[in-house]
Amino acid sequence: MSNATLYALTVLIWGSTWFAIEFQLGNVAPEISIVYRYVLASAILFIYSKYKGLSLRFNLKTHFWFALLGLFLFCLNYVFASRAQVFLTSALAAIVFSSMLWMNIILSRVVFGTRAGHRVIFGAFLGISGIFMIFAPQVGEISFSDSILFGCLLAMLGALSASFGNITSQALQQRKLPVVQANAWGMFYGAVLTLIIGLLQGHEFTFDGTFTYIASLLYLAVFGSVVAFGAYLTLLGRIGAHRAGYATVMFPVVALLLSLLFEGLTLDLTIVLGTALVLLGNLLVLKERR
């Protein structure tokens, strides 16, 4: 599968999961919903691996890396992000989480010695500027209280956890470890660790039997986890976390376009200009040098 296809799958699927997650909020604690999502996703990947004859046997040291991947990418990332949205609007959460792009650039430099290059840095600057422009009117209406700042801190920790997860996945792929099995074990460990966190917080192990909850859970597990993470982490292994991370800037734009199509959001100049900046940054970051 080409890099362009992997990138498109990642952006389109994760951009749409913003809506699916809304149907997960309510009767079930976010941490417990995350457990359901990744138990189901890891089970699908384990079954697929067995069907394809892919080995699931790894040594203890490799399982430590899988657990680290699960902790950062499939546990803390989502725990922090879901709790942040208790205090933040989705607009402000999107802005804060897009900082993961800069974190990927910095961590790639520190861990792998990867030089991002002027094109990538300028493209990242344009993309983040576009996100700020798109959501500026909504953010301008917010009164920055202690709870809002606390939510921003949680969202920043979620972005940092996701960035550490990106770097962990890239390190695993450099060790020639397969993405499918790494995701299967990583999601399993992520579910277990999230369950422990949820139980320590005193959350009840409940389930919502409504159609909307079950349908959104299946979409998040199959497409938002198995397909999107498989595509994104494969892409990350090919082009590096410093470039693949731009997908986090594109997610809010896709969610915005879906709002324009299905929720009656009004198109204005800030949305047009902001989206143009994001797309221009996208070209600069992902376009191959000749």
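Participant: Lay out the layout of surface pockets with the relevant residues and their values.
Facilitator: Roughly 320 Å³ of internal volume is contained in the second largest pocket. What lines the second largest pocket is a set of 14 residues, and nearest its centre among them are Val 180, Val 226, Val 227, Gly 230 and Ala 231. Counting only elements with at least two residues in the lining of the second largest pocket, the list comes to α1 (3-22), α2 (30-52), α8 (179-200) and α9 (211-239). Among the residues forming the lining of the second largest pocket, the class breakdown is eleven nonpolar, three polar and no charged.

Participant: Requested: an account of unusual backbone geometry, with residues and values cited.
Facilitator: Its identity as a non-glycine residue notwithstanding, Lys 176 has a phi of 65 degrees, on the positive side. Along the chain, the position of Lys 176 falls in the loop between α7 (146-174) and α8. Overall, Lys 176 belongs to the exposed group, its relative accessible area being 74%.

Participant: Please provide a residue-by-residue account of the environment of Ile 47, values included.
Facilitator: By the secondary structure assignment, Ile 47 is in helix α2. Accessibility expressed as a relative area gives 59% for Ile 47, which makes it exposed. Through-space distance from the C-alpha of Ile 47 to that of Phe 251 is 29 Å; in sequence the pair is 204 residues apart.

Participant: Report on the packing of α8 against α9, specifying residues and quantitative values.
Facilitator: In a packed pair of helices, the relevant descriptors are the angle between the two axes and the axis-to-axis distance. One way to put it is that α8 packs onto α9 with a least axis distance of 10 Å and a crossing angle of 125 degrees. Between α8 and α9, the interaxial angle falls into the category oblique. Crossing angle aside, the handedness with which α8 passes α9 is right-handed. In this structure, α8 contributes Val 179, Asn 183 and Met 187 to the contact, and α9 contributes Ser 225, Val 226, Phe 229, Gly 230, Leu 233 and Thr 234. When grouped by side-chain class, the residues that make up the contact of α8 with α9 number five nonpolar, four polar and no charged.

Participant: Break down the packing of aromatic side chains for me, citing the residues and quoting the values.
Facilitator: Evaluated as defined, the whole model comprises 19 aromatic pairs. Through a chain of ring-to-ring contacts, three or more aromatic side chains come together here, namely Trp 14, Tyr 38, Phe 74, Tyr 78, Phe 229, Tyr 232 and Phe 251. For the cation-ring pair, Arg 175 lies above Trp 65, with the distance from its terminal atom to the ring centre recorded as 4.6 Å.

Participant: Which residues make up the nonpolar core, and what are the values?
Facilitator: Tyr 7, Tyr 38, Phe 229, Tyr 232, Tyr 246 and Val 278 are the most contacted members of the largest nonpolar core, which totals 65 residues. In terms of residue count, the dominant contributor to this core is α9 (nine residues). Contacts of Tyr 38, omitting those with residues within four sequence positions, involve Phe 74, Tyr 78, Met 187, Ala 191, Ser 225 and Phe 229. Formed by nine residues, the second largest nonpolar core is a distinct cluster that contains Leu 92, Ala 93, Ile 148 and Cys 152.

Participant: I'd like to hear about the environment of Pro 137, residue by residue, with values.
Facilitator: Along the chain, Pro 137 turns up in helix α6 (residues 117-140). The partly exposed category is assigned to Pro 137, whose relative accessible area is 41%. Considering only alpha carbons, one finds Pro 137 and Pro 30, 107 residues apart in sequence, at a separation of 28 Å.

Participant: A description of the pattern of salt bridges should follow, citing residues and the corresponding values.
Facilitator: Summed over the entire model, instances satisfying the criterion amount to one salt bridge. Arg 83 is the partner of Glu 31 in a salt bridge, and the nearest nitrogen-oxygen pair spans 2.9 Å. In this pair, Glu 31 sits in helix α2 while Arg 83 sits in helix α3 (residues 60-87), placing the two residues 52 residues apart along the sequence.

Participant: Please set out helix α12 (residues 269-286) residue by residue, giving values where relevant.
Facilitator: Between its first and last C-alpha atoms α12 spans 26 Å; for 18 residues at 1.5 Å apiece the expected length is 26 Å, and the two agree. Along α12, the residues that are buried comprise Ile 271, Gly 274, Thr 275, Val 278, Gly 281, Asn 282, Val 285 and Leu 286. Take α12 and look down its axis: the buried residues cluster within an arc of 125 degrees, on one side only. Opposite the buried face of α12, by more than 90 degrees, sit the exposed residues Leu 269 and Leu 283.

Participant: Pulling in residues and values, what's your account of the packing of α2 against α3?
Facilitator: Between α2 and α3, whose axes approach to 10 Å, the crossing angle comes to 145 degrees. Crossing hand, α2 versus α3: right-handed. Contact with α2, carried on its side by Pro 30, Glu 31, Ile 34, Arg 37 and Tyr 38, involves Phe 74, Tyr 78, Val 79, Ser 82 and Arg 83 of α3 and no other residues of that element.

What counts and what doesn't
- Residues numbered from 1 in each chain as written.
- Predicted model: local features only at pLDDT ≥ 70, side-chain atom pairs only at ≥ 80, totals over all residues.
- Heavy atoms only, no water.
- 1 Å grid on protein atoms, 1.4 Å probe; cavity = no way out; pocket = protein on both sides within 12 Å on 5 of 7 lines; lining within 4 Å.
- Points joined across faces, edges and corners; volume = space filled by probe spheres on them.
- Helix = DSSP H or I, 4+ residues; strand = E, 2+ residues; numbered from the N terminus.
- Nonpolar A, V, L, I, M, F, W, Y, C, P; charged D, E, K, R; others polar.
- Buried < 20%, exposed > 50% of the residue type's maximum accessible area, 1.4 Å probe, protein only.
- Axes fitted to C-alpha atoms, helices over the stretch in contact; angles between N-to-C directions.
- Parallel < 35°, antiparallel > 145°, perpendicular 65-115°, else oblique.
- Left-handed = near helix turned anticlockwise from the far one by under 90°.
- Contact = heavy atoms within 4.5 Å.
- Phe/Tyr/Trp six-rings, centres within 6.5 Å; stacked < 30°, edge-to-face > 60°.
- Lys NZ or Arg CZ within 6 Å of the ring centre and 35° of its normal.
- Core = buried A, V, L, I, M, F, W, Y, C linked by side-chain atoms within 4.5 Å.
- Salt bridge = Lys/Arg side-chain N within 4 Å of Asp/Glu carboxyl O.
- Expected span 1.5 Å × (residues − 1).
- Arc of directions from axis to C-beta.

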